[in-house]
Each structure stands twice: as C-alpha cells, then as structure tokens.
Amino acid sequence: MLSHILIGAALSIVIATAAWRARSLSAGGAVAAAVIGTLAIAAGWAWGALLVAYFVVSSALSHAGREIKTQRTSAIVSKAGPRDGIQVLANGGVFAVAALAAAVDPAARWLALGAGALAASAADTWATELGTRYGATPRSILTGRVVPVGTSGGISAIGSVGAIVGALFVAACALALGWAPRLVLVAAVGGVVGALVDSLLGASVQGGRWCDTCARGTERLRHDCGTLTRHVRGVAWLDNDVVNFLSGLAGGLLAAWLAG
Ligand SMILES: [Zn+2]
C-alpha cells in the first residue's frame, strides 16, 4: 500500500510539474493537482487514469482556444490563464474526497461520487470552452435574454452539446477502465445535471459586478480597464469557484444516490 502511494505521489508530481511548465496550472494549482493525483492513485490505478484523462483533455481544450477566448471574455471572467489552487480544488475537491473514501472503503457509491463530480467538471469545462469559441450569442438560462459571451449562467446550443459530450467523455473513460456500466451511466447523468446546476447557480445567486467606467457587467474585482468594480447582483462571495464546487458536489451526490 505504501509503495503504491509513493509511486502515485511521484507520478502526480511529474504530471503536475509538466502542467505548471506548460502554464496550464499556477504553482499553487500544481501543488493541489499533485495532492489530488496522489489520493486518486491511492484509491486505485483506474481512479488515477480517469483523473489524468480528464485533466489532459480539459487542459488541451483550455489551451487550444486561449487566445480567442481571452479576446472574447477577458473583460468578464474573473480568472483567465493558468488554473490556480482554488480553481483546482473547486474542480477536483469532491473527486479527491471520494478517492480518499474509496481507498479506505471500496464501495460503489464512492466511485459514483467521484466519477459524477469529475463528469460535472468536464461538462462545465467543455461547455465553456466550446461555447465561448464556437457558440452563438449566449442567452441566460433563467430569463432567456441575450447576455455577453463569458457571462455565468449564459448558455448556447453548442455549449450545451459540449456539456453532454464532456460528461460522456468521462463516462466513456470510466467504462474503458472497467467500471461497471451502471456506475458509468449514473456518472454521466450526474455530470450533465451538474453542468445544469452550474448554469442555474451562475444565472441566479452567483455574485455579479459592474464597471462604472465601461458601463459593463463583469465578475472581476478590478476591471481590465483598471477601475475597481462594484457588487450589483447575487451573493458577493459566491464566485465562479464556489459555483463550480457546488455543481460538482451536486453531480457527484446525484450519481452516488442513483448508484444506491
Ligand atoms: Zn471597465
């Protein structure tokens, strides 16, 4: 068991360091990713492989469209560029806790919790990447009104397809790794529902800010024009990271509940 964990830690550090060098992760993000990777491999090789598949494809997607996406959304989104530690924990925290639990008690519900949360995170990432690059003008999931590209809670047809494909990708990987089809199915359902929860929270309670200089909505504390923004809607501390964490938790819990 100990040698297994040590090998897991070594592999995780190698991958996290490579991601940091490729500017997919900040230094803090790399540390958080190495810890999550170690916990995943402690739970089993399949957990580690699932995490790596998710991580490599999500990072590649984020990287591929960084310039266009930054151009279209940098005035709105609070964080662009390498994922920091908080972002990594928001996306992988539930998966890490499920892996830890599975390492101690290998019950099916932990597999469902972990895979459901990861599928939700993949769904949100794919929806965001594809939606902001190729999607038509997004509309608020709650009001149906047109919103600027990058606005939380804004959805487009291509983004929605991206969410489903992202969840199915994690499910397909889990299936290929030998997880039971029933668990794979509930993880996919959890992933799609998690992405839906993400958009609903983004359009309702997520904190929104306003730049008086540009007269534009944003999620940034300081706008890219340099002006300090003011809080105008939602709950101020409920930022994109908290919403991501909650939607992953929702997707994971739904999958665990469906797995019985
Ligand atoms: Zn401004």
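The notes below deal with the structure included here. Only a predicted model underlies this, so the values are computations on that prediction, with no experimental measurement involved.

All right, on to the overall build of the protein chain then. If you tally the helices and strands in the protein chain, you get nine helices and five strands. Helices (α) and strands (β) of the protein chain occur, in sequence order from the N terminus, as α-α-α-α-α-α-β-β-α-α-β-β-β-α. Taken along its principal axes, the extent of the C-alpha atoms in the protein chain is 60 × 35 × 30 Å. Considering only residue pairs separated by 6 or more positions, the protein chain has 72% of its internal contacts joining residues 24 or more positions apart.

On to helix α9 (residues 240–259), then. With 20 residues, α9 ought to run about 28 Å at 1.5 Å a step, and its terminal C-alpha atoms sit 28 Å apart, in line with that. When you tally the buried positions in α9, you get 14 out of 20 residues, the bulk of the element. Looking one or two residues beyond α9, the residue adopting positive phi is G260, at roughly 75°.

A few words on the sheet that holds strand β4 (residues 216–218). Across the sheet, which stays open at both edges, the three strands sit in the order β4-β3-β5 with antiparallel pairing between neighbours. Bordering the open sheet on either side are β4 and β5 (230–233), each of which pairs with just one other strand. Strand-to-strand twist of the sheet, defined as the mean angle between neighbouring strand axes without regard to direction, takes the value 45°. As judged from the three bridges shared by strand β3 (residues 208–211) and β5, these two strands associate in the antiparallel manner. Of the residues in β5, the one forming a bridge with R209 is H231.

We now examine the packing of helix α2 (residues 27–43) against helix α3 (residues 45–64). For the pair α2 and α3, the least separation of the axes is 5 Å and the interaxial angle reads 140°. On α3, the residues touching I36, G37, A40, I41 and A43 of α2 are W45, W47, G48 and L51. The residue inventory of the contact of α2 with α3, partitioned by class, reads seven nonpolar, two polar and no charged.

The next point concerns the pairing of β3. Summarising the sheet, β3 and β4 pair through three bridges and their orientation is antiparallel. Within β4, the residue paired with W210 across the bridge is G217. In textbook terms, the turn of a hairpin is the stretch between consecutive antiparallel strands, and for β3 and β4 this stretch comprises four residues, one of which, A215, has a positive phi near 55°.

Before going further, it helps to spend a moment on the nonpolar core. In terms of nonpolar packing, the biggest core is built from 71 residues, with A112, A115, A119, A123, A167, V170 and A187 touching the most fellow members. Breaking this core down by element, the ones donating at least two residues are α1 (2–21), α2, α3, α5 (85–104), α6 (108–134), α7 (157–176), α8 (181–203) and α9. When residues in this core are grouped by element, the largest group, 14 residues, is from α6. Sequence-distant contacts of V170, defined by excluding residues within four places in its chain, comprise Y54, A115, L118, A119, A122, A187 and G191.

Positioned with a positive phi, R23 is a non-glycine residue whose angle comes to about 60°. Structurally, the position occupied by R23 is in the loop between α1 and α2. On the neighbour-count criterion, R23 (13 C-beta atoms within 10 Å) is partly exposed. You will see that A215, though not glycine, has its phi angle at about 55°, which is positive. Examined against the element boundaries, A215 turns out to sit in the loop between β3 and β4.

Moving on, we come to the packing of α5 against α9. Put simply, α5 and α9 touch, their axes get as near as 8 Å, and they point 20° apart. Taken together, α5 and α9 sit at an angle that is classed as roughly parallel. Crossing of α5 against α9: the hand is right-handed. Of the residues in α9, those touching α5 at I86, Q87, A90, N91, G93, V94 and A98 are D241, N244, F245, G248, L249 and G252. When the residues that make up the contact of α5 with α9 are grouped by side-chain class, the tally is six nonpolar, six polar and one charged.

Parameters and conventions
Residues numbered from 1 in each chain as written. Predicted model: local features only at pLDDT ≥ 70, side-chain atom pairs only at ≥ 80, totals over all residues. Helix = DSSP H or I, 4+ residues; strand = E, 2+ residues; numbered from the N terminus. Contact = placed C-beta atoms within 7 Å. Expected span 1.5 Å × (residues − 1). Buried ≥ 20, exposed ≤ 12 C-beta atoms within 10 Å, placed from the backbone. Pairing = 2+ DSSP bridges. Axes fitted to C-alpha atoms, helices over the stretch in contact; angles between N-to-C directions. Nonpolar A, V, L, I, M, F, W, Y, C, P; charged D, E, K, R; others polar. Core = buried A, V, L, I, M, F, W, Y, C linked by C-beta atoms within 7 Å. Parallel < 35°, antiparallel > 145°, perpendicular 65-115°, else oblique. Left-handed = near helix turned anticlockwise from the far one by under 90°.

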